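# Overview (structure and organization)
Okay, here's what each chain looks like letter by letter:
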Number of protein chains: 2
Amino acid sequence: MRAVIMHAPGDVRVEDVERPTIVEPTDAVIRVTAACICGSDLWPYRGAEPLSRPTRMGHEYIGVVDQVGAGVRDLQVGDFVVGSFVASDNTCEICRAGYQSRCVHQVMMGSVGTQADYARIPLADGTLVKVTGDPTAAQTRSLLAASDVLGTGWFAAVAAEAGPGKTVAVVGDGAVGLLGILAARRLGAERVIAMSRHANRQALARRFGATDVIEERGDPGVERIKELTNGYGAHSTIEAVGTQEAMLQAVHATRPGGHVGFVGVSHGVELDGLELFFSSVHLHGGPAPVRRFLPELVELIMTDQIDPGAVFDLELPIEDAAEGYRAMDERRATKVLLTL
Amino acid sequence: MRAVIMHAPGDVRVEDVERPTIVEPTDAVIRVTAACICGSDLWPYRGAEPLSRPTRMGHEYIGVVDQVGAGVRDLQVGDFVVGSFVASDNTCEICRAGYQSRCVHQVMMGSVGTQADYARIPLADGTLVKVTGDPTAAQTRSLLAASDVLGTGWFAAVAAEAGPGKTVAVVGDGAVGLLGILAARRLGAERVIAMSRHANRQALARRFGATDVIEERGDPGVERIKELTNGYGAHSTIEAVGTQEAMLQAVHATRPGGHVGFVGVSHGVELDGLELFFSSVHLHGGPAPVRRFLPELVELIMTDQIDPGAVFDLELPIEDAAEGYRAMDERRATKVLLTL
């Protein structure tokens, strides 16, 4: 079967690999119908994360169940499913508390590689959510978004305690930041301030519900947010980049007692304890427990209440994955969907 | 009047200074009836914080209102009062959200110096809470504790989301950590694990409700907490020290999705972003908004439901302040009360 493999920074190829099979009784194998390229895939692509050997890529996916292990109870061959980028048993104490991304039996789907015709999904009952009904093309794209970028933006908004009466600032105009805007509005935020200087992303930010867009970054960006909030700062800030500048911007833009939800994978971020102490913000983030939100997100998508699939602005057959990576790297595309 | 002045690390003197007067119409002047020495006073005493000139000391206090400015409405001369270590208007948006320690008009009482016969209290209506009734000697000590160490321990427990069904770990066996134990139990925590290797503090920890005491620190301490929590880690952890070791111990001892409440004033603490990301904990702390909790704490004390005054294990007249600092520094005393 076909699979995307990164050989070195900037070197992505589609190669023929062996088709996965059931290993554990709790596994399923799915025929992937669409996958995507993630902002986090760009870290190794740009050499910002080490790559010791050719590596299978991809951790976002939708597909059809092709095989199930003997221990799988809730899924059947032929089910159309969406799953999180972290496989989880969904039964341990950590999962039951809503942190499936840190399940005691967690398996990072990036180690599986879902940019491929088939993928083995560990802990299938705890990881996959069955979609009932017959999704339209737009719903299908949205379901794929739910697998990571929507679920991550949603978690960021929840971690930032976005809600009624709140002003939410969003640092980062990638797919996660944009869907953080959608989530914040859906959770009832009164005002959402997007930080973006790209016209097409600004337009998408407004489509997803941003009430204000500011182009300044760093300290001037923080000043603009304070101006827009009577000098207090945002109640809630979503950090969806993962750099030192973005994290400090998020902390500084948030009022004392406010909440920062950070979901950008931290690269080189160091937080000074004393600065954090006197900021008096709440800080919460990490790999998003997408599985917590998936049933609700699937429902919102299948009833056309949200359209997160609008983040995909480039759709390519998997053979053209290398072009997809280039387009994301050069910021010609916000989010790339790969068809199989 | 008499006031405690620190001239240099290790050099604390009681000197005669001018008695404060009303400056702003919102001020009150109180006759201090008791003050205390704070763990944070030890940072400059030990040379760990710079001291550029002789400095008035003290930010914890109880006393009797001696004068009020023309703009003070809720207090009268003769009222017995307790106040927070941060003066606050208690009306701005930050105060109304419960973060009076970060009031837009905040005044740190350490800049006033309450280890003295009299103290000017800015923003008196927003800062002081009147005590009705006639406190016993024990209640008086507890009211003084409410001014900072109890209020700070309480905030730490709230920030760590201590509550029913939760296991709370407490890093630090100073007055704040000990009162964090009291707060966690009062908030309904099922199990409270104190980290202490001092027999007298262990005894006080148990008196305040600790269910377990562990003597290990650092990684072995974290391992012990995991052993006591089925490998998951504590739901909630209070960090009441302010060093790198204590902060990392707190983060590592907490399960994914759990909460760290940190109230030790950070000295040399640096948090690695990636480590924090994958810890998946909630982190919240800072200077405690004691004023938020004071009315409730005064009520609990005046009805003998809590006895935080038990942390005072040395009581000295203000003339002997230097001996009080030495006793705290040498850990011969947990918390020193100065009488006036």
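Small disclaimer: the values here were computed from a predicted structure and weren't measured. (Residues numbered from 1 in each chain as written. Chains lettered and ligands numbered in written order. Predicted model: local features only at pLDDT ≥ 70, side-chain atom pairs only at ≥ 80, totals over all residues.)

With an axial shift of 0.0 Å and an RMSD of 0.0 Å, the rotation relating chain B to chain A amounts to 180°. Taken together, the rotation and translation relating the two chain copies correspond to the operation of a two-fold axis. Of the interface residues in chain B, 100% have counterparts in chain A that sit at the interface too, so the contact is made through matching surfaces. (Least-squares fit on C-alpha atoms with pLDDT ≥ 70 in both. Contact = placed C-beta atoms within 7 Å.)

Another point: the sheet that holds strand S1 (residues 2-8) of chain A. All names here are of chain A. Taken in spatial order, the three strands of this open sheet run S2-S1-S4, and their pairing is antiparallel. On the outer flanks of this sheet lie strand S2 (11-16) and strand S4 (55-56), each paired with one strand and no other. Relative to S4, S1 runs antiparallel, the two being bridged by two bridges. Opposite Met 6, over in S4, you have Thr 55 as the bridge partner. The sheet strands contacting helix H12 (residues 321-329) are S1 and S2, and the helix crosses S2 at an angle near 155°. (Pairing = 2+ DSSP bridges. Helix = DSSP H or I, 4+ residues; strand = E, 2+ residues; numbered from the N terminus. Axes fitted to C-alpha atoms, helices over the stretch in contact; angles between N-to-C directions.)

By a widely used convention, the size of an interface equals the accessible area lost when the partners come together. Contacts between the two partners involve 28 residues from chain B and, on the opposite side, 28 residues from chain A. Listed by contribution, the elements that provide at least two residues to the side of chain B that touches chain A are helix H2 (93-96), strand S15 (254-262), strand S16 (270-272), helix H10 (273-279) and strand S17 (282-285) of chain B. Residue composition of the side of chain B that touches chain A, by class: 13 nonpolar, 10 polar and five charged. Taken together, the three bridges between strand S17 (residues 282-285) of chain A and S17(B) define a ladder with antiparallel strand orientation. Among the inter-strand pairings, A:His284 is bridged to a residue of S17(B), identified as B:His282. (Nonpolar A, V, L, I, M, F, W, Y, C, P; charged D, E, K, R; others polar.)

Let us look at unusual backbone geometry. Residues and elements named next belong to chain A. Even without glycine at this site, Asn 90 takes up a positive phi of about 60°. Looking at the secondary structure, you find Asn 90 in the loop between strand S7 (86-87) and helix H2 (93-96). Given 17 C-beta atoms within 10 Å, Asn 90 falls into the partly exposed group. A positive phi angle, near 60°, is found at Arg 331, a position not held by glycine. (Buried ≥ 20, exposed ≤ 12 C-beta atoms within 10 Å, placed from the backbone.)

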